[in-house]
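One letter stands for each residue in the lines below.
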Amino acid sequence: MTVPMLKIGAVLSTMAMVTNWMSQTLPSLVGLNGTIISPDGTHERIISGLYPGSEEGWQVYSTASDPDGRCVCTVVAPARNLCKRDPRNQQLRLLTEQVQNVSQSMEVVDLRTSRDLQYVRDSEPLLRGVDGHLHTYVASPRTLTSKTLQELKGQMSQLRPLLSVVEQYRLDLQMLATLRMELLNLSIILTAIQEEVGAYDYEELQQRVLLLETRLHSCMNKLGCGRLTAVSNPITVKSSGSRFGSWMTDAMIPSSDSRVWSMDGYYKGRRVLEYRTMGDFTKGQNFVQHLLPHPWAGTGHVVYNGSLYYNKHQSNILVQYHFRSRSVLLQRSLSGAGYNNTFPYSWGGSSDIDLMADETGLWAVYTSIPNAGNIMVSRLDPRSLEILQSWDTGFPKRSAGEAFMICGTLYVTNSHLAGAKVHFAYNTNTSSYEYTDIPFHNQYSHISMMDYNPRERALYTWNNGHQVLYNVTLFHVIQSDG
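Please read these numbers as outputs of a predicted model, since none were measured by experiment.

**Focus on the pairing of strand S22 (residues 458-463)**
Right, so step 1: S22 sits mainly inside the fold: six of its six residues count as buried.
Right, so step 2: Of the two faces of S22, the one holding Ala458, Tyr460 and Trp462 and the one holding Leu459, Thr461 and Asn463 are both buried throughout.
Right, so step 3: Between strand S21 (residues 447-453) and S22, which pair antiparallel in sequence order, lie four residues; one of them, Arg457, sits at a positive phi of approximately 50°.
Right, so step 4: Two strands pair when backbone bridges link them, and S22 and strand S23 (residues 466-475) are joined in this way by six bridges, in the antiparallel orientation. Opposite Thr461, over in S23, you have Val468 as the bridge partner.

Here it is in structure tokens:
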């Protein structure tokens, strides 16, 4: 009885000391005391992807000069996860994984020890009985009869499994010795990293990055509107839904709304999924469902100032659905507009009416029989859906793959398939057009939705069941304050 119990005590005591050392020492070694750490998830990669630069930071390009010949600045700010790309951080992650492996091993030993300890405790009465009988037989050998000997053999056979338990204790002690050495090595490595990292004030660096981001937003506000000159490589956010659909964030400026909406399909759909953040959207979590009272047609929907604007199925009626009140606030016919695949984009899909928003407000892109199927652009009053002004671009809608507005200019792609490019631009401020040649990579070869978001300065696309982002480069002329 004495030997097994001593070994059990040694194992439990050693485990308690090691666990206590890990809980108290490791956080201080890596500087994590009182720090909340969020894992590196998809959302951070998406946000940094929205504004990629040469080193994964985000940039605003300006290649113009003002009338006095002064250069227009280019602003570059590091990404928020700058420190996460530090090699030391990668090393710390590997060490953290090793610590987790050690912790798991200790948990296994703990569970096994607890189980075996209970077995030993259950066997204690039998051990005491055998011990008493042996003392009796040693003191009075004549009392040992064949019957009592047979009983003693039976009791000893019941205790035989204790041998394997004691052997397991011996192996666990060896494992604990190995774990001690691993923890000692980790301690040495972590101490060295702490000494190296101590030379850098990452809190100060983070404050400088935040200051640069504030200055960047200020510069972006000064930049205002510009002419599209380039589209970045695609950034795949997620793969979900069918071949056709739309997804978006609120295009209203300014807005702190971080919700993301997804609408799968183009024909008679009614289900809108609302995610709390971009990170939730990529993970498919924390969402609510809106069931629209009227089904939609096409994929040309837009969220503007907390409301969804969409084309009602088999009609040219525009609907304003308010998310927070879950109710339709407004319905109005877009007079003369074709619908039900009368004048769709080249891919079809009841894409006759395309609603969109830019820095200047809410727009409708459509066509009608009187203007011979050419694209019409109308600026809408978001409160009444009345047309404020319209322009005939002269570009045939069936020849367009998709279209989007930036700063009052309509940009039209020549295809929805691979090899597409931004081919045509119509400026509503000057009522003039030009043919452009701005290529972009159509990675999944079938775009059924392409909308510009002025808050993000990015293009949102639905490409063959993939939700994809593109950044845009705008040509700006900044009026200097001197």
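**Here we look at empty space enclosed by the protein**
The probe, sized like a water molecule, is rolled over the atoms to show the empty space still left.
Right, so step 1: For the structure on display, the rule yields two cavities of 30 Å³ or more.
Right, so step 2: If you trace the largest cavity, you find it lined by Trp247, Met248, Thr249, Ala251, His301, Val302, Val303, Met449, Asp451, Tyr452, Asn453 and Tyr460.
Right, so step 3: Listed by contribution, the elements that provide at least two residues to the lining of the largest cavity are strand S5 (245-249), strand S9 (302-304) and S21.
Right, so step 4: Of the residues forming the lining of the largest cavity, the biggest block, four residues, is contributed by S21.

**Side note on the pairing of strand S14 (residues 361-366)**
Right, so step 1: For S14, the buried fraction is high: six of the six residues fall into the buried class.
Right, so step 2: Where strand S13 (residues 354-358) meets S14, five bridges bridge the pair, whose relative direction is antiparallel. Bridging across to S14, Asp358 finds its partner in Gly361.
Right, so step 3: Counted between consecutive antiparallel strands, the loop separating S13 from S14 contains two residues.

**Observations regarding the confidence of the model for the chain**
Right, so step 1: Of all residues in the chain, 73% attain a pLDDT of 70 or more, and the chain-wide mean is 77.
Right, so step 2: When the elements of the chain are averaged for pLDDT, helix H2 (residues 42-50) gives the smallest value, 39, and strand S11 (residues 317-322) the largest, 98.
Right, so step 3: Under a pLDDT of 50 for its full length, residues 1-66 has, in the predicted model, 130 contacts with residues more than four places off or in other chains.
Right, so step 4: Of the regions scoring below 50 in pLDDT, residues 69-83 engages in 44 contacts with residues more than four places distant in sequence or in other chains.

**Side note on the pattern of salt bridges**
Right, so step 1: Counted under the stated rule, the structure contains six salt bridges.
Right, so step 2: Among the ionic pairs, Arg259 bridges to Glu274, the shortest N-O distance being 3.4 Å. In this pair, Arg259 is assigned in the loop between S5 and strand S6 (260-264) and Glu274 in strand S7 (residues 267-275), connecting sequence segments 15 residues apart. In this pair, the class of Arg259 matches that of Glu274, namely buried.
Right, so step 3: Between Arg332 and Glu386 there is a salt bridge, with its nearest N and O atoms 3.8 Å apart. Placement of the pair is Arg332 in strand S12 (residues 327-333) and Glu386 in the loop between strand S15 (374-380) and strand S16 (387-396), with a sequence separation of 54 residues.

**Some words on the nonpolar core**
Right, so step 1: Residues Leu228, Phe404, Ile406, Phe440 and Leu459 are the most contacted members of the largest nonpolar core, which totals 20 residues.
Right, so step 2: At the level of secondary structure, the elements contributing two or more residues to this core comprise strand S3 (227-231), strand S17 (403-406), strand S19 (421-427), S21 and S23.
Right, so step 3: Among the elements that line this core, the one with the most residues is S23, at four residues.
Right, so step 4: Discounting chain neighbours no more than four positions away, the residues touching Leu459 are Val231, Phe404, Met450, Asp451, Tyr452, Val468, Leu469, Tyr470 and Val472.

**A look at the sheet that holds S13**
Right, so step 1: Read across the open sheet, the four strands follow the order S13-S14-S15-S16; overall the sheet is antiparallel. Edge positions in the sheet fall to S13 and S16, since each has one partner strand and no second. The mean angle between the axes of side-by-side strands here comes to 25°, regardless of whether they run parallel or antiparallel.
Right, so step 2: In this structure, S15 lies alongside S16, joined through six bridges in antiparallel fashion.

**As for unusual backbone geometry**
Negative phi is the rule for most residues except glycine; trans is the rule for most peptide bonds.
Right, so step 1: Unlike most non-glycine residues, Asn341 shows phi in positive territory, near 65°.
Right, so step 2: Mapped onto the secondary structure, Asn341 falls in the loop between S12 and S13.
Right, so step 3: Residue Asn341 is classed as partly exposed on the basis of its relative accessible area, which comes to 35%.
Right, so step 4: With a phi angle near 55°, Cys407 is a residue other than glycine that sits in the positive phi range.
Right, so step 5: Its location among the elements puts Cys407 in the loop between S17 and strand S18 (409-413).
Right, so step 6: Given a relative accessible area of 7%, Cys407 falls into the buried group.

**A few points about a nonpolar patch on the surface**
Right, so step 1: A contiguous nonpolar surface patch, about 300 Å² in accessible area, is contributed by Met181, Leu184 and Ile188.
Right, so step 2: Leu184 gets classed as partly exposed once you look at its relative accessible area, which sits at 45%.

**Focus: the sheet that holds strand S20 (residues 432-439)**
Right, so step 1: Strand order across the open sheet formed by four strands is S17-S18-S19-S20, with antiparallel pairing between neighbours. Looking along the sheet, the strands with just one partner apiece sit at the ends: S17 and S20. If you compare each strand with its neighbour and ignore which way they point, the axes differ by 25° on average.
Right, so step 2: Note that S18 and S19 share five bridges and pair antiparallel. Note on S19: the bridge partner recorded for Leu410 is Tyr426.

**Section: the packing of aromatic side chains**
Right, so step 1: Within this structure, the stated rule accounts for 16 aromatic pairs.
Right, so step 2: A centroid spacing of 4.6 Å and a plane angle of 50° characterise the contact between Trp247 and Tyr460, whose relative ring orientation is tilted. Residue Trp247 is located in strand S5, and its partner Tyr460 is located in strand S22; the two are separated by 213 residues in the primary sequence. There is no split in this pair, since Trp247 and Tyr460 are both buried.
Right, so step 3: Considering the side-chain rings of Tyr275 and Phe287, the 5.3 Å spacing of their centres and the 50° angle between planes classify their relative orientation as tilted. With a gap of twelve residues between them, Tyr275 in strand S7 and Phe287 in strand S8 (residues 287-297) connect regions that are remote in the sequence.
Right, so step 4: Each residue in the set Trp247, Tyr275, Phe281, Phe287 and Tyr460 is aromatic and connected to the rest through ring pairs, giving one cluster.
Right, so step 5: Lying across the ring of Phe475, Arg227 places its NZ or CZ 5.2 Å from the centre.
Right, so step 6: Sitting over the face of the ring of Phe281, Lys238 holds its NZ or CZ atom 4.6 Å from the ring centroid.

Reading guide: rules and limits
Residue numbers run consecutively from 1 along every chain, following the written order of its sequence. Where local features are concerned, this predicted model is filtered to residues with pLDDT of at least 70; where side-chain atom pairs are given and counted, the filter is 80 or more; whole-chain, interface and lining totals use all residues. Each side-chain value is worked out from all heavy atoms of the structure, with water and hydrogens disregarded. Whether a residue is buried, partly exposed or exposed follows from its accessible area with a 1.4 Å probe, protein chains only, as a fraction of its type maximum: under 20%, in between, or over 50%, in that order. Going along the chain from the N terminus, every DSSP run of H or I of four or more residues is numbered as a helix, and every run of E of two or more is numbered as a strand. Pairing between two strands requires that DSSP report at least two bridges joining them. Put simply, the grid is 1 Å and covers the protein atoms alone, a cavity is a trapped set of points that fit a 1.4 Å probe, a pocket is an open set with protein on both sides within 12 Å along at least five of seven lines, and lining residues have an atom within 4 Å of a point. Grid points are joined across faces, edges and corners, and a volume is the space filled by probe spheres set on the points. What pLDDT conveys is the predictor's confidence in a given residue, as a value from 0 to 100. We call two residues contacting when some pair of their heavy atoms lies within 4.5 Å. We define a salt bridge as a side-chain nitrogen of Lys or Arg found within 4 Å of a carboxyl oxygen belonging to Asp or Glu. Within this scheme, the nonpolar core is defined by two criteria: the residues are buried Ala, Val, Leu, Ile, Met, Phe, Trp, Tyr or Cys, and they are joined through side-chain atoms within 4.5 Å. Orientation is described by lines fitted to C-alpha atoms, with helices fitted over the stretch in contact, and by angles between N-to-C directions that extend from 0 to 180 degrees. Only residues whose relative accessible area exceeds 30% and that form no salt bridge enter a patch; like-charged residues are grouped when within 9 Å of one another, and nonpolar side chains (Val, Leu, Ile, Met, Phe, Trp, Tyr) when within 5 Å. Per-residue accessibility takes into account occlusion by the displayed protein chains alone, with areas from the Shrake-Rupley method and a 1.4 Å probe. Classification of ring pairs uses Phe, Tyr and Trp, with its six-membered ring standing for Trp, and accepts pairs whose centres are within 6.5 Å; under 30 degrees between planes counts as stacked, over 60 as edge-to-face, and the remaining range as tilted. We call a charge positioned above a ring when the Lys NZ or Arg CZ atom is no farther than 6 Å from the ring centre and deviates by at most 35 degrees from the ring normal.

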